[in-house]
Amino acid sequence: MLGKAHIIAHDFVGDPLYKIRRLILRTEVAREAQPGQFVHVQVAKGMDPLLRRPISIADIQREAQEITLLYRIKGKGTEILSEAKVGEELSLMGPLGHGFTLPARGELILVAGGIGVFPLLPLAKAAQEKNLDVSLYWGGENKGFFTSSGLDLWQEARIPVFLSSMDGSIGEKGNVLDLLKKQVGSRLNHGEGATQAAQSEVLSVAVCGPQVMTQVVSDYFLQKGAAVEVSLEERMGCAVGACLGCVCTLKDKVSGRIYRGKVCKDGPVFKGEEVLWDYEG
Amino acid sequence: MLGKAHIIAHDFVGDPLYKIRRLILRTEVAREAQPGQFVHVQVAKGMDPLLRRPISIADIQREAQEITLLYRIKGKGTEILSEAKVGEELSLMGPLGHGFTLPARGELILVAGGIGVFPLLPLAKAAQEKNLDVSLYWGGENKGFFTSSGLDLWQEARIPVFLSSMDGSIGEKGNVLDLLKKQVGSRLNHGEGATQAAQSEVLSVAVCGPQVMTQVVSDYFLQKGAAVEVSLEERMGCAVGACLGCVCTLKDKVSGRIYRGKVCKDGPVFKGEEVLWDYEG
Amino acid sequence: MKVNGKIEDNYENYTEKSKEDIDLTVELGPLTLRNPIITCSGTYGFGDEYAPYCPVEKLGGITLKGLTPEQRLGNPLPRLAETPAGMLNSVGLENPGLEDFLQSYLPKVRELPTTVIANISGFSLRDYEIMANAFQAGSGIDAIEVNISCPNVKHGGMHFGTHPDSAQEVIALVKAKTNLPVIAKLSPNVTDIVQMAKAVEQGGADIISMINTLLGMSIDIERRQPILANKVGGLSGPAIRPVAVRMVWQVAQAVNIPIIGMGGILTWQDAAEFMLAGARAVSIGTGNFVNPLAPLEVLEGIEEYCRRHGFAAVSDIVGLAH
Amino acid sequence: MKVNGKIEDNYENYTEKSKEDIDLTVELGPLTLRNPIITCSGTYGFGDEYAPYCPVEKLGGITLKGLTPEQRLGNPLPRLAETPAGMLNSVGLENPGLEDFLQSYLPKVRELPTTVIANISGFSLRDYEIMANAFQAGSGIDAIEVNISCPNVKHGGMHFGTHPDSAQEVIALVKAKTNLPVIAKLSPNVTDIVQMAKAVEQGGADIISMINTLLGMSIDIERRQPILANKVGGLSGPAIRPVAVRMVWQVAQAVNIPIIGMGGILTWQDAAEFMLAGARAVSIGTGNFVNPLAPLEVLEGIEEYCRRHGFAAVSDIVGLAH
Ligand SMILES: Cc1cc2nc3c(=O)[nH]c(=O)nc-3n(C[C@H](O)[C@H](O)[C@H](O)COP(=O)(O)OP(=O)(O)OC[C@H]3O[C@@H](n4cnc5c(N)ncnc54)[C@H](O)[C@@H]3O)c2cc1C
Ligand SMILES: Cc1cc2nc3c(=O)[nH]c(=O)nc-3n(C[C@H](O)[C@H](O)[C@H](O)COP(=O)(O)OP(=O)(O)OC[C@H]3O[C@@H](n4cnc5c(N)ncnc54)[C@H](O)[C@@H]3O)c2cc1C
Ligand SMILES: Cc1cc2nc3c(=O)[nH]c(=O)nc-3n(C[C@H](O)[C@H](O)[C@H](O)COP(=O)(O)O)c2cc1C
Ligand SMILES: Cc1cc2nc3c(=O)[nH]c(=O)nc-3n(C[C@H](O)[C@H](O)[C@H](O)COP(=O)(O)O)c2cc1C
Ligand code: FES
Ligand code: FES
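Just so it is clear, the structure is predicted and the values come from calculations on it, not from any experiment.

Now for the overall build of chain A. Each helix and strand in chain A was counted, giving eight helices and 16 strands. For 281 residues, the compact-globule estimate of 2.2 N^0.38 gives 19 Å, and chain A sits close to it at 18 Å. Each principal axis of the C-alpha atoms in chain A carries an extent, and together these give about 55 × 45 × 35 Å. The buried share of chain A, taken over its 281 residues, is 57%. Across chain A, the fraction of contacts at a sequence separation of at least 24, relative to all contacts at a separation of at least 6, is 67%. When the accessible surface of chain A is summed, it comes to about 11600 Å², and 49% of that surface belongs to carbon and sulfur atoms.

Further remarks concern the relation of the copies chain C and chain D. Once chain C has been moved 0.0 Å along the axis and rotated by 180°, it coincides with chain D to within an RMSD of 0.0 Å. Taken together, these values place the two copies in the relation of a two-fold axis. A symmetric contact is evident, with 100% of the interface residues of chain C recurring at the interface of chain D.

In the vicinity of ligand 2, 20 residues are found, and the nearest of them are Pro54, Lys74, Gly77, Thr78 and Glu233 of chain B. Residues lining ligand 2 come from chains B and D. In this structure, an oxygen atom belonging to ligand 2 sits 2.8 Å away from a side-chain N or O atom of arginine 53 of chain B. Take glutamate 233 of chain B: an N or O atom from its side chain is 2.3 Å from a nitrogen atom of ligand 2. For ligand 2, whose free accessible area comes to 830 Å², the fraction covered by protein is 87%. Broken down by secondary-structure element, the contributors of at least two residues to the shell around ligand 2 are β4 (53–56), β6 (66–72) and α2 (76–81) of chain B.

What surrounds ligand 1 is a group of 20 residues, the closest being Pro54, Lys74, Gly77, Thr78 and Glu233 of chain A. Around ligand 1 the close residues trace back to chains A and C. At 2.7 Å, a backbone N or O of glycine 77 of chain A approaches an oxygen atom of ligand 1. Side-chain polar atom of glutamate 233 of chain A to a nitrogen atom of ligand 1: 2.4 Å apart, as the coordinates give it. Protein chains bury 87% of the 830 Å² of accessible surface belonging to ligand 1 in isolation. Broken down by secondary-structure element, the contributors of at least two residues to the shell around ligand 1 are β4 (53–56), β6 (66–72) and α2 (76–81) of chain A. Looking at the shell around ligand 1 element by element, the count peaks at four residues for β4 of chain A. A per-class count over the shell around ligand 1 returns eight nonpolar, four polar and eight charged.

In this structure, two copies of a chain are linked by a rotation about an axis accompanied by a shift along it. Each copy of the sequence occupies a distinct position, and chain B is placed on chain A by a rotation of 180° and an axial shift of 0.0 Å, giving an RMSD of 0.0 Å. Most of the interface of chain B is mirrored in chain A: 100% of its interface residues are interface residues there too.

Listed per partner, the contact involves six residues of chain B and six residues of chain A. Around 360 Å² of area is buried between chain B and chain A when both sides are counted, 43% of it from carbon and sulfur atoms. Where chain B packs against chain A, one counts zero salt bridges. For the interface between chain B and chain A, the tally reads two residue pairs in polar contact (both at pLDDT 80 or more). Here the side of chain B that touches chain A is built from residues that sort into one nonpolar, one polar and four charged.

The next subject is the domain arrangement of chain A. Residues and elements named next belong to chain A. Under the domain assignment used here, chain A contains domain 1 (2–96), domain 2 (107–230) and domain 3 (232–281). Once you take the C-alpha centre of each, domain 1 and domain 3 turn out to be 24 Å apart. Contact between domain 1 and domain 3 buries roughly 580 Å² in total, counting both sides, with carbon and sulfur atoms accounting for 71%. In terms of surface lost to domain 3, no three residues of domain 1 exceed Phe38, His40 and Leu96, which account for 54% of the buried area on that side. At the boundary of domain 1 and domain 3, one finds zero salt bridges. Linking domain 1 to domain 3 there are one residue pair in polar contact (both at pLDDT 80 or more). Only β3 (38–41) and β7 (89–96) provide two or more residues apiece to the side of domain 1 that touches domain 3. The class makeup of the residues in the side of domain 1 that touches domain 3 is five nonpolar, two polar and no charged.

Residue and element names in this part refer to chain B. Strand order in the open sheet formed by seven strands is β4-β3-β7-β1-β2-β6-β5, and the pairing between neighbours is antiparallel. Edge positions in the sheet fall to β4 and β5 (59–61), since each of these pairs with one other strand and no more. Here the strands of the sheet are splayed against their neighbours by 35° on average, with no regard to which way each runs. Across three bridges, strand β3 (residues 38–41) lies against strand β7 (residues 89–96) in antiparallel orientation. Opposite histidine 40, over in β7, you have methionine 93 as the bridge partner.

What follows deals with the environment of valine 194 of chain D. Residue and element names in this part refer to chain D. One can find valine 194 in helix α6 (residues 193–202). For valine 194, a relative accessible area of 18% puts it in the buried group. Measuring from C-alpha to C-alpha, the distance between valine 194 and serine 121 comes to 22 Å, with 73 residues separating the pair along the chain. Discounting chain neighbours no more than four positions away, the residues touching valine 194 are Gln250, Val251 and Ala254.

Below, the discussion takes up unusual backbone geometry. Looking along the chain, the bond that leaves leucine 77 of chain C and enters proline 78 of chain C is cis, with omega of -5°. Note that proline 78 of chain C resides in the loop between β4 (61–63) and β5 (80–83). Unlike most non-glycine residues, lysine 19 of chain A shows phi in positive territory, near 60°. Within the secondary structure, lysine 19 of chain A is located in the loop between β1 (2–12) and β2 (20–26). Judged by relative accessible area, which is 38%, lysine 19 of chain A ranks as partly exposed. Its identity is not glycine, yet leucine 93 of chain D carries a phi of approximately 60°, on the positive side. The topology assignment puts leucine 93 of chain D in the loop between β6 (86–89) and α2 (98–109).

Before going further, it helps to spend a moment on the pattern of salt bridges. Residue and element names in this part refer to chain C. Applying the stated criterion across every chain, the model contains 34 salt bridges over all chains. The salt bridge partner of glutamate 129 is arginine 126, with a shortest N-O separation of 3.7 Å. With glutamate 129 and arginine 126 both in helix α3 (residues 125–134), this residue pair falls three residues apart, about one helical turn. Ionic pairing is found between arginine 241 and aspartate 270, a salt bridge with its closest N-O pair at 3.1 Å. Taken together, the residues span a long stretch of sequence, with arginine 241 in helix α7 (residues 241–254) and aspartate 270 in helix α8 (residues 268–277) at a distance of 29 residues.

Criteria and cut-off values
Residues numbered from 1 in each chain as written. Chains lettered and ligands numbered in written order. Predicted model: local features only at pLDDT ≥ 70, side-chain atom pairs only at ≥ 80, totals over all residues. Heavy atoms only, no water. Helix = DSSP H or I, 4+ residues; strand = E, 2+ residues; numbered from the N terminus. Rg over C-alpha atoms; globule rule 2.2 N^0.38 Å. Buried < 20%, exposed > 50% of the residue type's maximum accessible area, 1.4 Å probe, protein only. Contact = heavy atoms within 4.5 Å. Areas by Shrake-Rupley, 256 points an atom, 1.4 Å probe, with all protein chains shown as cover. Least-squares fit on C-alpha atoms with pLDDT ≥ 70 in both. Near = heavy atom within 4 Å. Polar contact = N/O pair within 3.5 Å; in protein donor to acceptor, adjacent residues only side chain to side chain. Nonpolar A, V, L, I, M, F, W, Y, C, P; charged D, E, K, R; others polar. Buried area = accessible area lost by both parts, 1.4 Å probe. Salt bridge = Lys/Arg side-chain N within 4 Å of Asp/Glu carboxyl O. Domains from an automatic or database assignment. Pairing = 2+ DSSP bridges. Axes fitted to C-alpha atoms, helices over the stretch in contact; angles between N-to-C directions.

Here is the structure:
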């Protein structure tokens, strides 16, 4: 879909210091949107900036035909977006990309680093509806960050949330991998050699966050035999697979072939086991 | 002065069809502004468009520290400017340029074509304060144009106004030169050879409008021996005389030397007799 | 008022409007397009990516992503950087290679309801020869655009595209090996664009397309490194339009073959500049990223422009600003 | 947040701030500037036009409008056209001529409380010789910038600026005739900027300044004519910055003389890109039109950047992105 979205609400999620804003849009995108997909937003009417900005769909209200975007004011584009007013319209493309797989059964662990949490809520809600055992492990800076990044949305949705903060002001002190090791590690099959098949039927993991964190969490769960999906980020031009600006490098597990995946179209969600994180070239 | 101006009022002067807007700004520019000067306005925060836009000062309230701009929405820049809201700020340079000469005595005839009328009101008011005999001859499209371009401001100021409209819907039908010939011509010295000096002491003329109109009116009054000043328009870069983007061609009456005048700095007001209208090159 | 052509609707709005009687057809030498609006190589994938947003059957033509004999993974990431009114890309000719293209992509490409132009690149004359051989009349491709100008590949197109002799040579070779119309795509990174244009005309090009991207760089001042992993990339988008229009103007005066103009077209007004400067057709690249409906809006606008000014055919406005 | 550096205040705000201990001085071969911020030729008149808006004494230097031996009225009007994130100009080297400059302008210029660079142009070697002779140490001018790159004058600078041999020749000539530091100003309208840079270095240039404007055109589609009376003009402003940064980067790797970087600088971030790419000083042109305080804001921003990253001197950041 390419069209106008009406701005229903637009405000800071919490303390403006953290620059996280919530944007609720009435748009057809709500009809088809799947967890993990994103929209490509035109932030300014003119050519400054020129390109659209990709933002994950952070909540979907199908009946109301509304989606929620949560975004951090980062540079010029998001700064300008933050000035859009309720009642105005934004040009939107979406829903775009290939989202998360909702497991058929078993446990779903969501792992987020920082604002990587945003695309995970729709997945959590879908899992909940399907009565899957879903929980979130979320690492961040400090308490203020979490409360300013939509922690209450998770609480409202009654999804178990486990936090780790760098300064220890909330949850465990440390990073999210440490939290996971401590909280989940003991439950997992200790034999690193456990057959993948056995584990993956019961444990699925979805990860989104800074690349290094995503990689180590993905590797950790892959080792434990879980089915891991990761959501990646790249600079985007077209967001429809036409420009090859946003590719990542993948390795087919069966053939061993190295190839490029388009983050915008084949992703942003990929199988953790297929991503070649450090491919040079 | 370079600084921020606060928007006090911003609305259509009359029928929005004519796209003429009034912008009242609180700014230091009001302190020094002289009739015929202009300001260089930054219409957008970003780079689209990049350059500032020159707009004449259409009214000056020194005590209130306010100036009025009247402008027609023409292209992208003025379109964006038209979206500026009361309470917001605009970056302004000014007052810029060399304005009209207020005659020491005698009669002052103002001649405007279309929106060329805008810089003339401050001159009219200054002339009035000095008890000069001042009147406006103003040509335009039709009645709607005049009422949408600030005709009432002239009426409020009790300045005699004579109109000509292309469709005859108000004032004389025809162009402003015809109007002038009819209304003023008879009063003027019929001898084309009358000494300039004699005439110019009693009759001063200030002209602003489209170039062709400005030229014919200027030539007409010069022939009649009046002291004519014309306000010119050119695309501007710096507006301070630094880029030579806006020059016009002048001829020194005494030496016969042909030279360039900077519309932004030496003008926009020049002596009618010095302007070389059709200089090629 | 459309301040900058970024206002769009769903394309359903367009399909109903009657086209009245402006003749939209353009003849580019041996290649006839139903209308003068094409999309640029490298910005429109293999023709179906944008289909949900812009109806392919309304386009005069599309140009495929640049192809090489062998598969290429292209350059490392990041490959994109936004710049004032433009963007840099260093995709580095990522493509599936000829064989895979013919097998996996061509069957779908051949069904596209528009004129399809293949864009070929190479690192040697042999490469161009292989590519030219592969595309003949009836192959499902309607014309070959020869990219002698890709600035991203170190030992690649740049050489062919900046020396008149090698440009002429490569075009002559391609021309000899295919019976399809041959489009020579010029690089703007040269001192004398007219010399290049004359060389490819001499080489037998049926059509000239111009311009490819300007070589540029953008630096991440916090990381103190170029943003692009490849360091330099190709500058496209509205920022380069004045350069492109100037070059089209110069070349239009100097050659007798038709020109496809491109570089920074977002709106119909932009496209009109190119046509008035002498381009017989125009191509939209980066503009699609901003507004996927740009090609349709450009077409509508140009048509309306002709109507308003009393031109019976779009080709009537070509070169009128000279 | 300053989205784009267009937010400015009266300059009084700047004068009070303590400069702490960042060493702002830059050595450009024989020319020392108190800080690396210069203003570009042709955009800053003869140095006093912007004085009410930006204090000249805060600038590292200013470059005067291009001068020729004889007076020139320049090109017909219009001379300016706005383009996406840029502008075209075709001033055509309007200037009072050497004699009138020396008589009527130099006395004021010499009082300017900053380093003053004269920019000279010519249509023959003889012209450059005349100009070079006129400016010597003690004349009130601190350096000569040789414009071999003005794209506006048909038989003029373009020729010298696009051929390495003639560029070298004209620089060698100027160098032989003056004892002032000689800055060679390069045109970007060339296939190989490195070749040009090496040529002027060979010719004896003390400093390279780059880039001049890109040749461009913009068409008025309603009048169906180029906007500029001169048809083509020079493209400047943010639009060209990626091209300029790329060229500075390439030249910095290839020559041993210092570079003054310019082309599209509006903000300190833009200036930092040039310095990290290898420019030892930067110059602001079109940016002044947008924000007359740009030079000061750039200076402040660069200083603060050095402070934040622990650099003791601005010259420490030169070329760090390589
Ligand atoms: C699939 C996807 C989903 C995303 N979802 C969200 C979200 O839900 N919430 C959120 O806050 N952010 C999200 N991002 C990141 C968001 O797109 C960037 O923060 C944003 O583009 C920054 O734009 P800017 O102009 O403010 O920053 P600038 O740094 O000024 O941007 C300069 C250029 O770089 C690009 N860019 C900069 N950072 C990123 C980035 N991290 N990812 C991709 N492009 C970038 C911009 O799009 C722009 O083209 C997502 C990115 C992707 C790819
Ligand atoms: C000294 C002076 C005083 C002016 N006073 C007024 C006034 O009081 N009210 C008013 O409505 N207009 C006035 N104008 C004209 C006004 O500057 C233009 O209408 C305006 O710049 C158009 O900008 P735009 O982006 O809307 O149009 P566009 O046509 O999109 O502008 C494109 C470019 O051309 C320039 N340009 C276009 N038209 C003109 C023009 N007529 N004069 C100068 N530059 C132009 C723009 O500044 C811009 O750089 C004045 C012009 C000058 C030189
Ligand atoms: C992401 C991207 C990829 C491109 N890839 C190619 C290519 O493979 N072959 C080619 O000839 N041109 C390629 N180009 C150049 C475009 O076809 C076009 O010439 C250029 O972008 C100017 O047009 P624009 O400003 O409308 O984008 C590419 C451009 C972009 C932006
Ligand atoms: C209006 C104008 C006039 C110029 N005149 C000259 C000139 O006389 N001599 C010269 O060497 N460069 C001249 N230039 C080029 C600038 O000095 C500078 O190289 C170019 O504009 C790029 O910088 P910018 O993008 O910051 O403007 C001129 C540029 C402009 C915009
Ligand atoms: S952004 Fe264009 S292919 Fe992904
Ligand atoms: S606008 Fe720059 S000299 Fe007048």
